[in-house]
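Single-letter residue listing:
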Amino acid sequence: MDFANTFIDWLRPDWFLNLAVVSDDYNRGRYVAGLWMTIKLSVVSIFLSLIVGVLGAAVQGAPSRTLRVAVGIFVAFFRNTPPLVQLYFFYFAIGTVLRITGDNGLPQPLISNFGWAIISLSLFAGALNVEIFRAGVEAVPRSTVEAAEALGYTRLQIYTDIVLPLAIRVSLPALGTNLVNLVKTTTLAYAIAVPELLYVSAQIWSEDLNVREMMNVLLVSYVGLVAILVWVLHRWEKALRIPGYGE
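Just so we're clear, the structure is a prediction, and the values are computed from it rather than from any experiment.

Cut-offs applied
- Residues numbered from 1 in each chain as written.
- Predicted model: local features only at pLDDT ≥ 70, side-chain atom pairs only at ≥ 80, totals over all residues.
- Heavy atoms only, no water.
- Helix = DSSP H or I, 4+ residues; strand = E, 2+ residues; numbered from the N terminus.
- Buried < 20%, exposed > 50% of the residue type's maximum accessible area, 1.4 Å probe, protein only.
- Contact = heavy atoms within 4.5 Å.
- Areas by Shrake-Rupley, 256 points an atom, 1.4 Å probe, with all protein chains shown as cover.
- Phe/Tyr/Trp six-rings, centres within 6.5 Å; stacked < 30°, edge-to-face > 60°.

What follows deals with the overall build of the protein. Helix and strand counts for the protein stand at 10 helices and 2 strands. For the protein, buried positions account for 37% of its 247 residues. Across the protein, contacts joining residues at least 24 apart in sequence account for 72% of those joining residues at least 6 apart. Surface summary for the protein: the accessible area is close to 13900 Å², and the carbon and sulfur share equals 68%.

Rendered as structure tokens:
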């Protein structure tokens with residue numbers, strides 16, 4: 001780290017670069033904490049959005065018309081409204097109602113700003129995942145389902161053991177695009193003061209007046225995060241590939 005600090009000190013006067021986020025322990029700690037917050041937001045939101053997508057796609061194939069209409073309304077709401085408006089709706093409209101009385105006798109929010117960010121981002125991406133998985137389910141040949149029915153599989157077994165695994169293979173390219181967009185959408189949590197990458201970067205550049213440098217560091221950080229996710233999705237797609245199916 002001494003070598004890094006010396007290198008940064010050399011860059012500052014000669015290259016007019018203010019990389020305090022690297023040379024200053026306090027700023028570096030804040031930035032790492034913001035990076036970790038973004039990773040947590042991304043991982044939890046991806047996991048929950050996948051659950052929402054799988055369950056929603058299953059319900060869309062249910063015999064009950066009421067359930068199918070409910071899922072359709074859910075998808076239409078989250079797909080046709082801006083994610084930032086959804087985040088504000090949860091945090092300000094619902095969050096101000098869901099309060100509990102704290103130890104000091106004052107009302108406290110039942111769900112933190114981090115929690116509302118998770119809920120909003122998961123439902124937004126989950127609604128898109130419902131449509132992605134639905135398209136994958138519809139791509140499974142009807143003859144495959146009829147063969148499973150002839151073997152005595154129940155409706156749930158057919159969905160979990162046969163239809164869903166095949167649908168995931170077909171859906172992976174579109175699913176990967178949606179999950180990458182979800183990671184980039186985590187920057188909206190800045191609007192409700194969740195200390196993720198963009199939030200801490202704005203704090204650092206407002207104090208050290210190094211907007212140019214912080215924007216480049218921020219860009220490189222997101223390129224790295226998305227690259228890791230794309231690599232994982234590519235490995236997942238390769239592991240699930242069946243020759244001649246879904247190509």
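Read on for the rest.
The next subject is the packing of aromatic side chains. This model, assessed by the stated rule, comprises 9 aromatic pairs. Ring geometry for F78 and F90: centres 6.3 Å apart, planes at 15 degrees, overall stacked. Here the residue F78 occupies a position in helix 4 (residues 65-79), and F90 occupies one in helix 5 (residues 83-94), the gap between them amounting to 12 residues. The same class applies to F78 as to F90, namely buried. Pairing F89 with F90 gives two aromatic rings, centres 5.7 Å apart and planes at 70 degrees, and the pair type is edge-to-face.

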